[in-house]
Amino acid sequence: MSFERSNIANMQGYVPGEQPKQDNVIKLNTNENPYPASPQVQAALEGIRLNDLRLYPQALAKNFRQVAAERHGVKEENIIPTNGGDELLRLALTTFADSGEIIATTQPSYSLYPVLACIQDCNLIEIPLLDDWSMPEDFIDQLNSLQAKMCLLVNPHAPTGKLITVDSIKKIASNFPGVLIIDEAYVDFVDPSESYNCVPLIREYENILILRTLSKGYSLAGLRFGYGIAHKTLANPMMFKTRDSYNTDHIAQKLATAALQARDYVEANWETIRNSRTKLTDALNQLGLVTGSSQTNFVLSQVPAEPGAEALYAALQERNILVRYFRQPRLEDKLRISIGSEQENAALITAITEIVAGQAPRV
Ligand SMILES: Cc1ncc(COP(=O)(O)O)c(C=O)c1O
């Protein structure tokens, strides 16, 4: 007997990347930050007393909203704090998409989107990216002929690492009448020379919702904290109608606020990761794994037929190195590899060198 709604009974749940139990694993499969959060976050954690947890947290996460608003040059009313970026996505779908409506995204894209669309009983349509992973010229026409209610774009893109410009986003926002979600989970790793900043667009475009997370750039994946940035036309219904009354807890609010305030620390971390990204990209290309430039904290590498992506994934796993393999159209010959610490990246390169050379001695 099943009590599930029919769309839930028929759907598959999201399969998260593997979280190994042992310590001796090099974990490059879920785009976590290889370095810890700032000392300011540690101090905020140590400052929390049990008595602080006796009371409910600030319902609207007022202190965090103030700090985030200041950080982005917007008003508090434009910030929507959530339990991870994933909660923001779920909130947006439940608030803005009716069952049966069409939600558009690109192919490939973040693998949670189809799951969220199924939960809401919406139809997710994936518009294929071109071979170089850029958007097709007629992307807006396709969106409009689908009569999509919502469009979900990851920028910089996952899993390819490609960035589209603020101008392209402006063009979509002004010609698409639905809600345009710009999922900026990886934005912190964009090279500053790109001068990429979509936040000011929310003043002009009521239909843009930007997603941010502290999981990647702020090394707090275990905390579960994200937030949206949007005009109050989109922010208010989520803040005051559909959000759980205490969706972010006291500890998370305190730590997230401290994390955003330690700006110098995180900026240095992002620069380190960008430098490692360049080195890793070069090393992978030298080994024959075709790896394009990325603006995120991961790279997407095309693996030659020998050894093949799935076999390389398995051979790395045997050596306790985890990367991500997607058995999906256009990705089955590729691996997504998170940027690790310098030592982790070096160990990965050594392992791939050995596997490719067919020597295969265990490390
Ligand atoms: C593209 C994309 N968006 C959003 C998220 C959500 O991140 P979190 O829920 O950890 O904030 C992720 C996490 O992997 C992601 O890859």
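Residues numbered from 1 in each chain as written. Predicted model: local features only at pLDDT ≥ 70, side-chain atom pairs only at ≥ 80, totals over all residues.

## Points about the nonpolar core
Filter applied, for reference: The term nonpolar core means buried Ala, Val, Leu, Ile, Met, Phe, Trp, Tyr and Cys residues held together as one set by C-beta atoms within 7 Å. For the exposure call, what matters is how many other C-beta atoms sit within 10 Å of a residue's own: 20 or more marks it buried, 12 or fewer exposed, and in between partly exposed, using C-beta atoms placed from the backbone. A domain assignment, automatic or from a database, supplies the domain bounds used here. Contacts here follow a simple rule: the backbone-placed C-beta atoms of the two residues must lie within 7 Å.
Counting 98 residues, the largest nonpolar core has Ala 92, Ile 181, Ile 208 and Ala 259 as its most contacted members. Split by domain, this core shows at least three residues from each of two domains, domain 1 (18-36 + 264-356) and domain 2 (39-261). With near-sequence residues (within four places) excluded, Ala 92 lies in contact with Val 179, Ile 181, Leu 209 and Met 238.

## Details of the site of the ligand
The condition is simple: Nearness rests on one distance test: the residue's C-beta atom, set from the backbone, must lie within 6 Å of the molecule or strand. Under this grouping Gly is polar, as are all residues other than the nonpolar Ala, Val, Leu, Ile, Met, Phe, Trp, Tyr, Cys and Pro and the charged Asp, Glu, Lys and Arg.
Taken together, 13 residues sit near the ligand, with Gly 84, Gly 85, Asp 86, Thr 213 and Ser 215 positioned nearest. Considered class by class, the residues forming the shell around the ligand number five nonpolar, six polar and two charged.

## Digging into the sheet that holds strand β7 (residues 208-213)
Convention followed: Any two strands with at least two DSSP-identified bridges between them are counted as paired. Helix and strand definitions here come from DSSP, where helices need a minimum of 4 consecutive H or I residues and strands a minimum of 2 consecutive E residues; each element is numbered from the N-terminal end. To get an axis, fit a line to the C-alpha atoms, keeping to the stretch in contact for a helix; angles then go from 0 to 180 degrees between the N-to-C directions.
Strand order in this open sheet of seven strands is β2-β8-β7-β6-β5-β3-β4, and the pairing throughout is mixed. Sheet topology places β2 (79-82) and β4 (123-128) at the edges, where each strand pairs with a single neighbour. Strand after strand, the sheet turns through a mean of 25 degrees between neighbouring axes, direction not considered. With five bridges joining them, β7 and strand β8 (residues 226-230) adopt antiparallel strand pairing. Its bridge partner lying in β8, Leu 211 is registered against Gly 228.

## Focus on the sheet that holds strand β10 (residues 298-302)
Read across the sheet, three strands follow the order β9-β10-β12 without closing on themselves; strand pairing throughout is antiparallel. Where the open sheet ends on each side, the last strands, each with one partner, are β9 (290-291) and β12 (334-338). As judged from the two bridges shared by β9 and β10, these two strands associate in the antiparallel manner. Residue pairing in the sheet places Val 290 in a bridge with Gln 302 of β10. Here helix α11 (residues 263-286) sits on the sheet in contact with β9 and β10, set at roughly 10 degrees to β10.

## Here we look at the domain arrangement of the chain
For the chain, the domain assignment lists domain 1 (18-36 + 264-356) and domain 2 (39-261). Inter-centroid distance (C-alpha atoms) of domain 1 to domain 2 is 25 Å. With 21 residues of domain 1 at the contact, the number on the domain 2 side is 17 residues. Elements supplying a minimum of two residues to the side of domain 1 that touches domain 2: α11 and β10. No other element matches the four residues that α11 contributes to the side of domain 1 that touches domain 2. Here the residues of the side of domain 1 that touches domain 2 sort into nine nonpolar, eight polar and four charged.

## Looking at the pairing of β2
With burial as the criterion, each face of β2 is covered, one bearing Ile 79 and Pro 81 and the other bearing Ile 80 and Thr 82. Relative to β8, β2 is paired through four bridges, and the arrangement is antiparallel. Its bridge partner being in β8, Pro 81 is matched across the sheet by Tyr 227.

## Some points on helix α13 (residues 342-357)
Note the cut-off: Each residue after the first adds 1.5 Å to the expected span of a helix. Note that the arc is defined by the directions from the helix axis to the C-beta atoms.
The terminal C-alpha atoms of α13, which comprises 16 residues, lie 22 Å apart, in line with the 22 Å expected from a rise of 1.5 Å per residue. Within α13 the residues assigned to the buried category are Asn 345, Leu 348, Ala 351 and Ile 352. One face of α13 carries all of its buried residues, which in axial projection span an arc of 125 degrees. Opposite its buried face, α13 presents the exposed residues Gln 343 and Ala 357, each directed more than 90 degrees away. On its buried face, α13 sits against β1 (26-27), α11, α12 (309-318) and β11 (321-322). One or two positions beyond α13, positive phi appears at Gly 358, with a value near 75 degrees.

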